[in-house]
Amino acid sequence: MTLHGNLLGPEPTLLPVDVALDAALDGGADPTEAAAAHPAASAAWAVLAERALANGEPVAAYAYARTGYHRGLDQLRRNGWKGFGPVPWAHEPNQGFLRALAALAKAADAIGEDDEATRCRNFLADSDPAASAALGLA
């Protein structure tokens, strides 16, 4: 009998690279245009949410972050995630989802939605504690 995989839990989920989105965002494309051109991509929504937070617009940030979060959940599930398990921050294609999740926590804090903020912080830490630290939520 041969055992496969991690005996302590599920294997990390690694999202695929989105070359077109990466080129658009790295090339300085407006994140609104990037989100319109790549609506399934969490990274574009995360950038919009982070920008809205920086501009003192927590309700807009919440909406952008929630969109990015849900699009990221869709991507994770399509790539084998079963609702739990590691989503490594070190794998760059995962960072859009993790950034959207962190922005959702911050926006929820800003509008007083404490239960949602706590749930998002816990989800982020469960996904990868390095993400929490990198995104200022550790």
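Preceding block: the structure.
Read on for a plain summary of the structure. (Residues numbered from 1 in each chain as written. Predicted model: local features only at pLDDT ≥ 70, side-chain atom pairs only at ≥ 80, totals over all residues. Heavy atoms only, no water.)

1. Side note on the packing of aromatic side chains
Inference 1: This model, assessed by the stated rule, comprises five aromatic pairs.
Inference 2: Here Trp-81 and Phe-123 contribute two aromatic rings whose centre-to-centre distance is 5.9 Å and whose plane-to-plane angle is 15°, an arrangement assigned as stacked. In this pair, Trp-81 sits in the loop between helix H4 (58-78) and helix H5 (95-110) while Phe-123 sits in helix H6 (residues 114-127), placing the two residues 42 residues apart along the sequence. The two residues Trp-81 and Phe-123 agree in class, both being buried.
Inference 3: Ring-pair connections join several aromatic residues into one group, and the members of that group are Tyr-69, Trp-81, Phe-97 and Phe-123. (Phe/Tyr/Trp six-rings, centres within 6.5 Å; stacked < 30°, edge-to-face > 60°. Helix = DSSP H or I, 4+ residues; strand = E, 2+ residues; numbered from the N terminus. Buried < 20%, exposed > 50% of the residue type's maximum accessible area, 1.4 Å probe, protein only.)

2. Quick notes on the environment of Glu-92
Inference 1: Tracing the chain through its elements places Glu-92 in the loop between H4 and H5.
Inference 2: Sequence-wise, Glu-92 and Val-17 are 75 residues apart; in three dimensions their C-alpha atoms are separated by 8.1 Å.

3. Some points on the side chain of Ser-127
Inference 1: The residue Ser-127 is located in helix H6 in this model.
Inference 2: Ser-127 gets classed as buried once you look at its relative accessible area, which sits at 4%.
Inference 3: Apart from the residues within four sequence positions on either side, Ser-127 is in contact with Gly-85, Pro-86, Val-87, Pro-88 and Leu-98. (Contact = heavy atoms within 4.5 Å.)

4. Remarks on the packing of H4 against H5
Inference 1: Across the interface, H4 lies against H5 with an axial gap of 8 Å and an inter-helix angle of 145°. The element H4 and its partner H5 pack so that their crossing is left-handed. Across the interface between the two elements, Pro-58, Ala-61, Tyr-62, Ala-65, Arg-66, Gly-68, Tyr-69, Gly-72, Leu-73 and Leu-76 of H4 pack against Phe-97, Ala-100, Leu-101, Ala-103, Leu-104, Ala-107, Ala-108 and Ala-110 of H5.
Inference 2: In the contact of H4 with H5, the residues fall into 15 nonpolar, two polar and one charged. (Axes fitted to C-alpha atoms, helices over the stretch in contact; angles between N-to-C directions. Left-handed = near helix turned anticlockwise from the far one by under 90°. Nonpolar A, V, L, I, M, F, W, Y, C, P; charged D, E, K, R; others polar.)

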